[in-house]
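Chain residues, written in single-letter form:
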Amino acid sequence: MSDRPAAAPVVAIVDAYSSARFLAPLFRERGFDCVHVRSSPTANPAYRRSYRPDDFRAEVTYDGDVAGTAAAVARYAPVCLIPGIESGVEAADLLSEALGLRTNGTALSRARRDKHRMLETVRAAGVPTAEQILVTDLDTLLDWHTKVDGPVVLKPVSSAGNDGIHFCDDAAQVRSAFQALIGTDSALGARNRAVLAQEYLVGSEYLVNTVSLDGRHHVTDVWKMHHISANGVRDLGASAQLLPRRGPESDPLVTYTCQVLDALGLRHGPAHTELKLTPNGPRLIETAARACGADLHVPVRGALGESQLEWTVDAYVDPDRFAARWQDDYDLSRHAGLVNMVSPVSGTLRGYPKLAQVRALDSFQDVLFTVRPGDPIHRSVDDWTYPMRVYLVHETESTVLHDILTARYLDGDGFYDVG
């Protein structure tokens, strides 16, 4: 744990795992100590491995007792309490409200986590959304499917990282996907007692990352996703490109995203919104009331100088600075990209024979390994199974696009030495 003087003011972070592991050092740079709050006595081992105990003065575990946990956290007199990753969102709402801190509150907390309730809440606010149904039995689902003109998507009601998503073109695939989901546990450990089915949205997928303060939403970065069909997955996120803040794609996406945030009562803190730009306009996939994952702040910081994480710190501990800048557009003086390397094989990784060629790309900035030599590697089918992410930053857009395509070409059978 931290050995900083106890006189420093404190920030509490719930589940500071994955990309949220970078929040505590940023708060410490501003002179704040951090206390870690675990949203449950158990945690996903992959997340727990990313936890950095030396960044925190202390750790408190939430065991379902809101009053008791709030009292334990209150001993450190935190100036704010925020979620790190998705599993910490609901606990952060409960505890920040109980402590009387800046909060999104609990009234719409479930709508910010339950994907079915999320779209229903947004639709009720007059914002157009995809058609959907929440089902617990196969017959109801199949009956609904016959009325949908086109493919559908089945997914858990509450999860993260594209866990359990199935793209279905016919009744047989719908039946198989339902049986694969119902009664199983999501990546966050929640039992799938119902399955969410939605119409498949035609169009490109985008990410809009924001930070809010008192209902004022600042856009920190907008990304266009590139998908491929691989390893039996119809839409596997293969790469992404950072877009300008203003433009024919960004403008309608940002307007729509802000409407979604308002509908969901997301007035404070970071949000990560995934959506599609369909022929009928933007449509929500989902919004997460926390910072973006996948260490996407790395290329954003390289391109723009600051990322969603820095803006999050401002919103909570320097609100005057946030208020003075929240309407400013980011300046795309450098371009950025991301490539998810897609493993076609499973086994034990011996090495990456072509890694040097990736590092030699003109726009190469950094690489995040999720699988290293000696680790088990799996065929990539979702966000949890990409063996590495490559981050690209360069002064020219054409160089970034060239290197995205080159990395995609290098990826494949020859990229992995697997035993």
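Definitions and limits used
- Residues numbered from 1 in each chain as written.
- Predicted model: local features only at pLDDT ≥ 70, side-chain atom pairs only at ≥ 80, totals over all residues.
- Heavy atoms only, no water.
- Helix = DSSP H or I, 4+ residues; strand = E, 2+ residues; numbered from the N terminus.
- Buried < 20%, exposed > 50% of the residue type's maximum accessible area, 1.4 Å probe, protein only.
- 1 Å grid on protein atoms, 1.4 Å probe; cavity = no way out; pocket = protein on both sides within 12 Å on 5 of 7 lines; lining within 4 Å.
- Points joined across faces, edges and corners; volume = space filled by probe spheres on them.
- Nonpolar A, V, L, I, M, F, W, Y, C, P; charged D, E, K, R; others polar.
- Axes fitted to C-alpha atoms, helices over the stretch in contact; angles between N-to-C directions.
- Left-handed = near helix turned anticlockwise from the far one by under 90°.
- Contact = heavy atoms within 4.5 Å.
- Parallel < 35°, antiparallel > 145°, perpendicular 65-115°, else oblique.
- Pairing = 2+ DSSP bridges.
- Phe/Tyr/Trp six-rings, centres within 6.5 Å; stacked < 30°, edge-to-face > 60°.
- Lys NZ or Arg CZ within 6 Å of the ring centre and 35° of its normal.

- Looking at an unreviewed UniProt entry, one finds the chain named ATP-grasp domain-containing protein and attributed to Micromonospora fluostatini.

### Section: unusual backbone geometry
A negative phi angle is the norm for most residues apart from glycine, just as the trans form is the norm for most peptide bonds.
Thinking step 1. The phi dihedral of Asp15 falls on the positive side, at around 60°, and the residue is not glycine.
Thinking step 2. For Asp15, the location among the structural elements is in the loop between β1 (10-14) and α1 (23-29).
Thinking step 3. The class for Asp15 is buried, based on a relative accessible area of 2%.
Thinking step 4. For Ala77, which is not a glycine, the phi torsion comes out positive at approximately 50°.
Thinking step 5. Turning to its location among the elements, Ala77 is positioned in the loop between α3 (66-74) and β4 (78-83).

### Some words on empty space enclosed by the protein
Thinking step 1. Taken as a whole and assessed by the stated rule, the structure comprises two cavities of 30 Å³ or more.
Thinking step 2. Here the largest cavity defines a volume of roughly 110 Å³.
Thinking step 3. Mapped by element, the contributors of at least two residues to the lining of the largest cavity are β4, α4 (89-98) and β12 (269-278).
Thinking step 4. By residue class, the composition of the lining of the largest cavity is eight nonpolar, five polar and two charged.
Thinking step 5. Here the second largest cavity defines a volume of roughly 70 Å³.
Thinking step 6. As for the second largest cavity, its lining consists of Asn209, Asp221, Ala291, Cys292, Leu296, His297, Val300, Ser307, Gln308 and Leu309.
Thinking step 7. In terms of residue class, the lining of the second largest cavity is made up of five nonpolar, four polar and one charged.

### Structural notes on the packing of helix α6 (residues 138-147) against helix α7 (residues 171-181)
Each packed pair of helices is defined by two parameters, the angle between the axes and the distance between the axes.
Thinking step 1. The geometry of α6 relative to α7 is characterised by a closest axis approach of 10 Å and an angle of 145° between their N-to-C directions. As for how α6 packs across α7, the hand of that crossing is right-handed. Here Leu138, Leu141, Leu142 and His145 of α6 come into contact with α7, specifically with Ala171, Val174, Arg175, Phe178 and Gln179.
Thinking step 2. Along the lines of polarity and charge, the residues of the contact of α6 with α7 split into six nonpolar, two polar and one charged.

### Describing the packing of α3 against α4
Thinking step 1. Two elements in contact, α3 and α4, have axes separated by 9 Å at closest approach and are oriented at 70°. Taken together, the axes of α3 and α4 are roughly perpendicular relative to one another. The handedness of the crossing between α3 and α4 is right-handed. Side by side, α3 and α4 meet where Val66, Thr69 and Ala70 of the first sit next to Leu94, Leu95 and Ala98 of the second.
Thinking step 2. When the residues that make up the contact of α3 with α4 are grouped by side-chain class, the tally is five nonpolar, one polar and no charged.

### Notes on the sheet that holds strand β6 (residues 152-155)
Thinking step 1. Sheet architecture is open: four strands sit in the order β5-β8-β6-β7, paired in antiparallel fashion. Every interior strand has two partners, whereas the edge strands, β5 (132-135) and β7 (166-168), have only one. Strand-to-strand twist across the sheet, computed as the mean angle between neighbouring axes with direction ignored, equals 20°.
Thinking step 2. Bridge analysis of β6 against strand β8 (residues 195-199) gives four bridges, and the strand direction is antiparallel. In the sheet register, Lys155 faces β8, and the bridge partner there is Leu196.
Thinking step 3. Of the strands in this sheet, β5, β6 and β8 touch helix α5 (residues 115-124), which is tilted by about 145° from β5.
Thinking step 4. Here α6 sits on the sheet and contacts β5, β6 and β8; the angle it forms with β5, its principal contact strand, is near 165°.

### With respect to the packing of aromatic side chains
Thinking step 1. For the coordinates displayed, the defined rule picks out 10 aromatic pairs.
Thinking step 2. Each ring, one from Tyr17 and one from Tyr51, has its centre 6.2 Å from the other, and the planes form 90°; the classification is edge-to-face. Taken together, the residues Tyr17 in the loop between β1 and α1 and Tyr51 in the loop between α2 (45-49) and β3 (58-61) connect sequence positions 34 residues apart.
Thinking step 3. The ring of Phe22 has Arg52 lying over it, and the distance from NZ or CZ to the ring centre is 5.1 Å.

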